[in-house]
Amino acid sequence: MKHILFVCSANKDRSKSADDYFSQQFDDLEFKSAGTNQRICMQLGTQMIHEELLEWADVIIAMQEKHRKFINENFSGVDQKKIKVIHIQDRYGYYQKELIDLLKQKVEPLIMNYI
């Protein structure tokens, strides 16, 4: 089974929506999500990115370039080919229709490569 990790800042809206949505759509793939902002993740009780998650992931889908940069600056040895940036700004709420539409448009083509 392929493993896909979604990454945003807080693991509250974008990456969590992607994780929850695609987990319902694709039974043959496993999804997780994480945030890069330790302070916010601790405040919200959400998943902070860590080495084991990065090793677990076959594909890492970062919402913005700053998330790829965070991974590269804080974790060594991450295969750059498995990080995909989909350029979704932090302006959507959890499971907001516009966010789900964008995720479907940008993520589904990436997922289809792994089915």
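Before any of the text, the structure's been laid out above.
Residues numbered from 1 in each chain as written. Predicted model: local features only at pLDDT ≥ 70, side-chain atom pairs only at ≥ 80, totals over all residues. Heavy atoms only, no water.

(A) Examining the overall build of the protein more closely. Along the protein, the regular secondary structure elements total 5 helices and 4 strands. Shown N-terminal to C-terminal, the secondary structure of the protein runs as helices and strands in the order β-α-β-α-α-β-α-β-α. Relative to the globule expectation of 13 Å for 115 residues, the C-alpha radius of gyration of the protein, 13 Å, shows essentially globular dimensions. Across its three principal directions, the C-alpha atoms of the protein cover 30 × 30 × 20 Å. When burial is assessed residue by residue, the protein has 46% of its 115 residues classed as buried. (Helix = DSSP H or I, 4+ residues; strand = E, 2+ residues; numbered from the N terminus. Rg over C-alpha atoms; globule rule 2.2 N^0.38 Å. Buried < 20%, exposed > 50% of the residue type's maximum accessible area, 1.4 Å probe, protein only.)

(B) The sheet that holds strand S1 (residues 2–8), seen in detail. The 4 strands are arranged S2-S1-S3-S4 in an open sheet whose pairing can be described as parallel. Every interior strand has two partners, whereas the edge strands, strand S2 (29–35) and strand S4 (83–85), have only one. Each neighbouring strand pair of the sheet contributes to a mean axis angle of 25°, computed without reference to strand direction. Direction of pairing for S1 relative to S2: parallel, over a ladder of 7 bridges. Looking at S2, one finds that Phe6 is bridged to Ser33. The sheet strands contacting helix H4 (residues 65–74) are S1, strand S3 (59–62) and S4, and the helix crosses S4 at an angle near 155°. (Pairing = 2+ DSSP bridges. Axes fitted to C-alpha atoms, helices over the stretch in contact; angles between N-to-C directions. Contact = heavy atoms within 4.5 Å.)

(C) Expanded view of the nonpolar core. Judged by nonpolar contacts, the single largest core of 21 residues is most densely connected at Phe6, Phe22 and Leu103. Elements with a contribution of two residues or more to this core: S1, helix H1 (14–25), S2, S3 and helix H5 (97–112). Of all the elements, H5 adds the most residues to this core, at 6 residues. Those residues in contact with Leu103, other than ones at most four positions away along the chain, are Arg14, Ser17, Ala18, Phe22, Met63, Ile86, Ile88 and Glu108. With 13 residues, the next largest nonpolar core counts Val7, Leu53, Trp56 and Ile60 among its residues. (Core = buried A, V, L, I, M, F, W, Y, C linked by side-chain atoms within 4.5 Å.)

(D) H5, seen in detail. Over its 16 residues, H5 extends 22 Å from the first C-alpha to the last, a length consistent with the 22 Å expected when each residue adds 1.5 Å. At Lys106, H5 shows its largest bend, some 35°, and a proline, Pro109, comes one to four positions later. When H5 is considered as a whole, its buried residues turn out to be Leu99, Ile100, Leu102, Leu103, Val107 and Ile111. Those residues of H5 hidden inside the fold are in contact with S1, H1, S2 and S3. (Expected span 1.5 Å × (residues − 1). Bend = angle between axes of the 7 residues up to and from the residue.)

(E) Region of the structure containing the environment of Ile100. Note on placement: Ile100 falls in helix H5. Expressed as a C-alpha distance, the spacing of Ile100 and Tyr21, which sit 79 residues apart in the sequence, is 7.7 Å. What Ile100 contacts, discounting residues up to four positions off in sequence, is Ser17, Tyr21 and Tyr95.

Purely geometric stuff here, so don't read any function into it on its own.
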